[in-house]
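Breakdown of the fold
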Amino acid sequence: MSVKPGVVSGEDYKTLLKACKDGKYALPAVNVVNSNTANAVLEAAAKNKSDVIIQASNGGAQFYAGKGFPDGDEGKVLGAVALAKHVHMLAEHYGVCVVLHTDHANKKLIPWVEKLLDHGEAFYKETGKPLYTSHMLDLSEEPIEENISESARILKRMVPLDMSIEIELGVTGGEEDGVGSDEIDNDKLYTQPEDVLYAHNILSPIGHYSLAASFGNVHGVYKPGNVQLRPEILKNSQALVKERYQTGDNPLDLVFHGGSGSEKSKIAEALEYGVFKMNIDTDTQFAQSKAVGAYVEANARAFKYQIDPDDGTPYKKKYDPRTWLREAEVSMVERLDEAFADLQSAGKSIAG
């Protein structure tokens, strides 16, 4: 089972997900905000011989275009387009399969997704491939009927482009780039299997979808004990769909949101229940910042003076952004080494 390295979509994407679920491993889905972070993810995937998911939030896409971009809304669209084209150009040369994905888009961000589909249709017409493998529509804060009907509408537009949609049922706690809230009723953090079946009944006849079913997940990193993950919810959802549709084990393609800081035993358990993707952002952000902070502390005078006022030492090589940005990349790669190990995907790339 192998596919061509590079950005995957359509049947190749489904082949990758099947490999993950059959092998009971998952891929880290890493939020990126610029070419440095995207390149670090590609480097880490190649180093670990693992396939990987690169994703951008609405705010991350805006940063990719530049916070000073004249039109902020247009910047969020063009930033996401620029990121995708960057990854399309480089991914195959790293020799791994890459899933390109946009993260949480709530109701107010549906126009952003639709504009990306405008660009995706143009890209597909030009290249025969979708710009993104999948987009996420997170309408978990809306009534389930609205959530699924709107997701179905968007999925119908994606299918001709060989794209998939990711949806969310239940609510992931915390906040991610302006989407979400810390003020959530506890019961909403746990998805009901009946809601999963409802979504499956409507979406599966249309096209491929993946599901972020909340089982106590929270964005960010919290004090141990404050987050109660219950992966058995995933097990029960899989069992209900299997029984109703008479399928094999784990028919659903499940996503683990809020992976940063999670207990390794809960991660391992979730892999047993058909999770193929785990989002990680907070931990990789910290890894980058920690490395840059340590570098600045170790070379403090280089960040105060171009030339040392006492002995005339030139500091250009110390403050050159390529130097400290590389420190951030290396640290991010090291944190992703841990993620690939936790998700048991190292050495399992299907690129060939």
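Here the structure is shown first, and the text comes after it.
What this report covers is the structure whose coordinates are included nearby.

What counts as what
- Residues numbered from 1 in each chain as written.
- Predicted model: local features only at pLDDT ≥ 70, side-chain atom pairs only at ≥ 80, totals over all residues.
- Heavy atoms only, no water.
- Salt bridge = Lys/Arg side-chain N within 4 Å of Asp/Glu carboxyl O.
- Buried < 20%, exposed > 50% of the residue type's maximum accessible area, 1.4 Å probe, protein only.
- Helix = DSSP H or I, 4+ residues; strand = E, 2+ residues; numbered from the N terminus.
- Arc of directions from axis to C-beta.
- Contact = heavy atoms within 4.5 Å.
- Phe/Tyr/Trp six-rings, centres within 6.5 Å; stacked < 30°, edge-to-face > 60°.
- Core = buried A, V, L, I, M, F, W, Y, C linked by side-chain atoms within 4.5 Å.
- Expected span 1.5 Å × (residues − 1).

1. Quick notes on the pattern of salt bridges
- This structure, assessed with the given rule, holds 20 salt bridges.
- Among the ionic pairs, Arg301 bridges to Asp308, the shortest N-O distance being 2.8 Å.
- According to the relative accessible area criterion, Arg301 is partly exposed, its value standing at 34%.
- A salt bridge links Arg335 to Glu338; the nearest nitrogen and oxygen atoms lie 3.8 Å apart. With Arg335 and Glu338 both in helix 12 (residues 321-342) and three residues apart, the pair spans about one turn of that helix.
- For Arg335, a relative accessible area of 16% corresponds to the buried category.

2. Topic: helix 7 (residues 193-203)
- The set of residues buried in helix 7 consists of Pro193, Val196, Leu197, Ala199, His200 and Leu203. Down the axis of helix 7, the sector holding all buried residues measures 165°, keeping them to one side.
- Where helix 7 is buried, its residues touch helix 6 (144-158), strand 6 (164-169), strand 9 (209-213) and helix 8 (232-245).

3. Observations regarding the packing of aromatic side chains
- Taken as a whole and judged by the stated rule, the model has two aromatic pairs.
- Each ring, one from Tyr13 and one from Phe276, has its centre 6.5 Å from the other, and the planes form 75°; the classification is edge-to-face. Linking Tyr13 in helix 1 (residues 10-23) with Phe276 in strand 11 (residues 275-280), this pair joins segments that are 263 residues apart in sequence.
- On the basis of relative accessibility, which here comes to 3%, the residue Tyr13 falls in the buried class.
- Between Tyr295 and Phe303, the ring centres sit 6.0 Å apart and the planes meet at 90°, which makes this aromatic pair edge-to-face.

4. With respect to unusual backbone geometry
- In this model, Asp162 sits at a positive phi of 60°, which is unusual for a non-glycine residue.
- Mapped onto the fold, Asp162 is located in the loop between helix 6 and strand 6.
- The residue Asn250 is not glycine, and still its phi comes out positive at about 50°.
- Judged by relative accessible area, Asn250 falls into the buried class, the value being 17%.

5. Structural notes on the environment of Asp73
- One can find Asp73 in helix 4 (residues 72-94).
- C-alpha separation for the pair Asp73 and Pro111, spaced 38 residues apart in sequence, amounts to 9.9 Å.

6. What to know about the nonpolar core
- Ile167 and Leu336 are the most contacted members of the largest nonpolar core, which has 77 residues in total.
- Ignoring sequence-local partners within four residues, the contact set of Ile167 consists of Met136, Leu137, Ile148, Ser151, Ala199, Leu203, Tyr209, Ser210, Leu211 and Ala212.
- Counting residues in hydrophobic clusters, the runner-up holds 17 residues, among them Cys20, Ala212, Phe276 and Ile350.

7. Remarks on helix 8
- End to end, helix 8 covers 20 Å across 14 residues, agreeing with the expected 20 Å (1.5 Å per residue, within 8%).
- Burial in helix 8 covers these residues: Ile233, Leu234, Ser237, Gln238, Leu240 and Val241. Down the axis, helix 8 shows its buried residues gathered within 160° of arc, on one side only.
- Packed against the buried residues of helix 8 are helix 7, strand 9, strand 10 (254-256), helix 9 (264-272) and strand 11.
- Phi for Gln246, located one or two positions after helix 8, is positive at around 55°.

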